[in-house]
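Now for the letters of each chain:
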Amino acid sequence: MNWKFWQKNKADSSKPKVKKSKGREWVDAILFAVIAATIIRVFFIEAYTIPTGSMERSLLIGDFLFVSKVNYGARIPMTPVAFPFAHHTMPLTGTKAYWEGVQWDYRRLPGLSEIKRNDVVVFNYPQGDTVALEQQDDDYYRMVRSAGWKAINSNYTIVSRPVDKRENFIKRCIGIAGDTISMKGGLVSVNGKPEKLKVTGNFTYEVEFKTPDISYSVFEDIGFNVQEDIAQQSQTMCIFNGSEEMMNKVRALDFVKSVKEYAKPEGEAEPDVFPFDPKRNWNVDNFGPFIIPKKGWTVTLDSATMPLYERSIRIYEGNKLEKSGNGWLINGKPATTYTFKMDYYWMMGDNRHKSSDSRYWGFVPEDHIVGKALFVWLSLDPNGSFFSKIRWSRILRGIH
């Protein structure tokens, strides 16, 4: 029997393993951390910050919160080739942080629950499919309605973005698929039942004083930011933006004559309010009723329904939609009805008169849903001094 082969293997196995260099160890550690962090933020939980006051006073500017991808089911990346930790734009170069050469169909893992009414939800901005790079904070479609397609497209760099690379928004889900939504005098009704704004939400109020000699510091003690939340109309009249609880304290002041909710009058049309239909005199405080599309729901296509559902049929569900005489063609075939393939939602900000929400851009499709806001883990007051910048009472505070 030949033992030399065994002796050779034995000799080789006894050799000491080559130790990794410090540089290689660092590269391996960083690579592992990036992969692990990417898996966590895509499939489990992700951190977000609140940049605007559209959800005040439920969520404040400077709140840092965790958003669960598990509750509604994690969405499989639709644009899988992307730079880690960058959303749609590289931080230094300003170039795209993703490659559109590979696009996957919408799929979602099983979740713990469905989206419920009054959930605080993070989603991709529905009208963020087209963006003017030099003015990204504005809505491209609003700009076109205001100045015309030619003026906007000749003066700005226009880009398109896939669903999962559109801007992230956070709002409260007011209506789920199949609900009937309407609003009158600033009060939302869901399926015919009025839903009063919660005490943490902000609304606009008209306040009349008994005297022009007012010390505004008393309003700061209540919680108002005088410069941002109070607008003087006359010597004895101001417009306040605050919660119901705060306004009850204003009512109790001895120099206050009256406090009334302020809403736009019914019939006063706003051209930038969804569905941008000149035949509907809708505004931010008065609109509807209409039905939120539901998967499997069939709608009749006519002049009344098409302004509401045209974008959902054409853009969100990817159909070729054309007007043909008095009727419509869907993917080249005459159609009098359409059956929806996805569920949709109606999202609104708690700060009702300082929120860009579904009233301005319509329904949120299910494939745009990112996750459910869970809790605030840190809150920094942008106007606070060094020692008072942290809002200690909001740390680890749940979102309801």
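For the structure, see preceding data.
All values derive from a computational prediction rather than experimental measurement.

Basis of the calculations
- Residues numbered from 1 in each chain as written.
- Predicted model: local features only at pLDDT ≥ 70, side-chain atom pairs only at ≥ 80, totals over all residues.
- Heavy atoms only, no water.
- Helix = DSSP H or I, 4+ residues; strand = E, 2+ residues; numbered from the N terminus.
- Contact = heavy atoms within 4.5 Å.
- Areas by Shrake-Rupley, 256 points an atom, 1.4 Å probe, with all protein chains shown as cover.
- Polar contact = N/O pair within 3.5 Å; in protein donor to acceptor, adjacent residues only side chain to side chain.
- Pairing = 2+ DSSP bridges.
- Axes fitted to C-alpha atoms, helices over the stretch in contact; angles between N-to-C directions.
- Salt bridge = Lys/Arg side-chain N within 4 Å of Asp/Glu carboxyl O.
- Phe/Tyr/Trp six-rings, centres within 6.5 Å; stacked < 30°, edge-to-face > 60°.
- Core = buried A, V, L, I, M, F, W, Y, C linked by side-chain atoms within 4.5 Å.
- Buried < 20%, exposed > 50% of the residue type's maximum accessible area, 1.4 Å probe, protein only.
- Arc of directions from axis to C-beta.
- Patch = residues over 30% accessible without salt bridge, like charges linked within 9 Å, V, L, I, M, F, W, Y side chains within 5 Å.

### Quick word on the overall build of the chain
So, step 1. Regarding its fold elements, the chain presents 9 helices and 23 strands.
So, step 2. Here the C-alpha coordinates of the chain stretch approximately 110 × 65 × 45 Å along the principal axes.
So, step 3. Nonlocal contacts in the chain, meaning residues at least 24 apart in sequence, comprise 70% of its contacts between residues at least 6 apart.
So, step 4. Approximately 22300 Å² of the chain is accessible, and the part contributed by carbon and sulfur atoms is 57%.

### Points about the side chain of Asn-241
So, step 1. Along the chain, Asn-241 falls in strand 12 (residues 237-242).
So, step 2. Within the structure, Asn-241 has its side chain in polar contact with the side chain of Asn-351 (distance 3.0 Å).

### Remarks on the sheet that holds strand 17 (residues 327-330)
Strand-to-strand pairing in sheets goes through backbone hydrogen bonds, with the strands running parallel or antiparallel.
So, step 1. Strand order in the open sheet made by the 3 strands is 16-17-18, with antiparallel pairing throughout. The open sheet has two free edges, formed respectively by strand 16 (321-324) and strand 18 (333-335), since each of these has just one partner strand. Each strand of the sheet is rotated relative to its neighbour by a mean of 40°, with strand direction disregarded.
So, step 2. Helix 8 (residues 306-316) rests against strand 16 and strand 17 of the sheet, and its axis sits at about 135° to strand 16.

### Observations concerning the environment of Ser-215
So, step 1. Examined against the element boundaries, Ser-215 turns out to sit in the loop between strand 10 (203-209) and helix 5 (217-222).
So, step 2. A sequence separation of 76 residues divides Ser-215 from Asp-139, and the C-alpha atoms of the two residues are 39 Å apart.

### Some remarks on the pairing of strand 16
So, step 1. As defined by bridge partners, strand 16 adjoins strand 17 across 4 bridges and the pair is classed as antiparallel. Bridging from a neighbouring strand, Glu-322 pairs with Leu-329 of strand 17.
So, step 2. Counting the residues that bridge the hairpin from strand 16 to strand 17 gives 2 residues, and of these Gly-325 lies at a positive phi of roughly 60°.

### Considerations on the pairing of strand 22 (residues 369-379)
So, step 1. Two elements, strand 2 (residues 63-68) and strand 22, share 6 bridges in a ladder whose sense is antiparallel. Each residue of the ladder has a partner; that of Ser-68, found in strand 22, is Lys-372.
So, step 2. Of the pairings in the sheet, the one linking strand 3 (residues 120-124) to strand 22 comprises 3 bridges and is antiparallel in character. Considered in strand 22, the bridge of Val-121 is made with Lys-372.

### Focus on the pattern of salt bridges
So, step 1. Following the criterion strictly, the structure yields 21 salt bridges and no others.
So, step 2. The residue Glu-208 makes a salt bridge to Lys-257 at a minimum N-O spacing of 3.8 Å. Here Glu-208, found in strand 10, pairs with Lys-257, found in strand 13 (residues 256-261); they are 49 residues apart in sequence, far enough to count as distant.
So, step 3. Through salt bridges with shared partners, a single network forms among Asp-63, Asp-381, Arg-391 and Arg-394.

### Looking at the sheet that holds strand 13
So, step 1. With antiparallel pairing, 4 strands are arranged side by side in an open sheet as 11-12-10-13. Strands with a single pairing partner mark the edges of an open sheet, and in this sheet they are strand 11 (230-234) and strand 13. Strand-to-strand, the axes of this sheet are offset by a mean angle of 25°, without reference to chain direction.
So, step 2. Strands strand 10, strand 12 and strand 13 of the sheet are contacted by helix 7 (residues 244-251), whose axis makes an angle of about 5° with strand 10.

### A short note on the packing of aromatic side chains
Centre distance and the angle of the planes are the two values used to describe a pair of aromatic rings.
So, step 1. For the coordinates displayed, the defined rule picks out 36 aromatic pairs.
So, step 2. An angle of 65° between the planes, with centres 5.5 Å apart, marks the rings of Phe-66 and Phe-375 as edge-to-face. Separated by 309 residues along the polypeptide, Phe-66 in strand 2 and Phe-375 in strand 22 bring together distant segments of the chain.
So, step 3. Consider the rings of Phe-203 and Tyr-205, whose centres lie 6.2 Å apart with planes at 80°: the pair is edge-to-face.

### Considerations on the nonpolar core
Generally speaking, a soluble globular protein has its nonpolar side chains buried in company with each other.
So, step 1. Phe-290, Leu-301, Tyr-309, Ile-313, Trp-346 and Phe-363 are the most contacted members of the largest nonpolar core, which has 30 residues in total.
So, step 2. Looking at which element gives the most residues to this core, the answer is helix 8, with 5 residues.
So, step 3. Those residues in contact with Tyr-309, other than ones at most four positions away along the chain, are Phe-290, Ile-291, Pro-293, Trp-297, Val-299, Phe-340 and Phe-363.
So, step 4. Of all hydrophobic cores here, the second largest spans 19 residues; its members include Leu-197, Tyr-205, Met-246 and Leu-253.

### Some words on helix 3 (residues 140-147)
So, step 1. Those residues of helix 3 lying buried are Tyr-140, Met-143 and Val-144. For helix 3, the arc enclosing every buried residue in end-on projection is 100°, short of the 170-degree limit, so these residues lie on one face.
So, step 2. Residues of helix 3 that are buried make contact with strand 4 (130-132), helix 4 (149-155) and strand 5 (158-160).
So, step 3. With a side-chain oxygen positioned 2.8 Å from the backbone nitrogen of Tyr-141, the residue opening helix 3 is Asp-139.

### Things to note about a nonpolar patch on the surface
So, step 1. Taken together, Leu-31, Ile-35, Ile-39, Ile-40 and Phe-44 make up a surface patch of nonpolar side chains, about 460 Å² in accessible area.
So, step 2. As for its position among the elements, Ile-40 is in helix 2 (residues 22-43).

### Here we look at the environment of Gln-235
So, step 1. The topology assignment puts Gln-235 in the loop between strand 11 and strand 12.
So, step 2. The sequence separation of Gln-235 and Lys-341 amounts to 106 residues, and the corresponding C-alpha distance is 56 Å.

### Quick look at unusual backbone geometry
For residues besides glycine, phi is generally negative; the peptide bonds are generally trans as well.
So, step 1. Put simply, Phe-274 and Pro-275 share a cis peptide bond, and its omega is 10°.
So, step 2. Structurally, the position occupied by Pro-275 is in the loop between strand 13 and strand 14 (287-291).
So, step 3. Here Gly-288 and Pro-289 are connected by a cis peptide whose omega angle stands at 5°.
So, step 4. In the Ramachandran plot, Phe-276 falls in the positive-phi region, its phi being about 60° despite a non-glycine side chain.
So, step 5. Considering the arrangement of structural elements, one finds Phe-276 in the loop between strand 13 and strand 14.
So, step 6. Backbone geometry at Asn-331 places phi at a positive 55°, although glycine is not the residue there.
So, step 7. Position of Asn-331 relative to the elements: it lies in the loop between strand 17 and strand 18.
So, step 8. According to the relative accessible area criterion, Asn-331 is partly exposed, its value standing at 46%.

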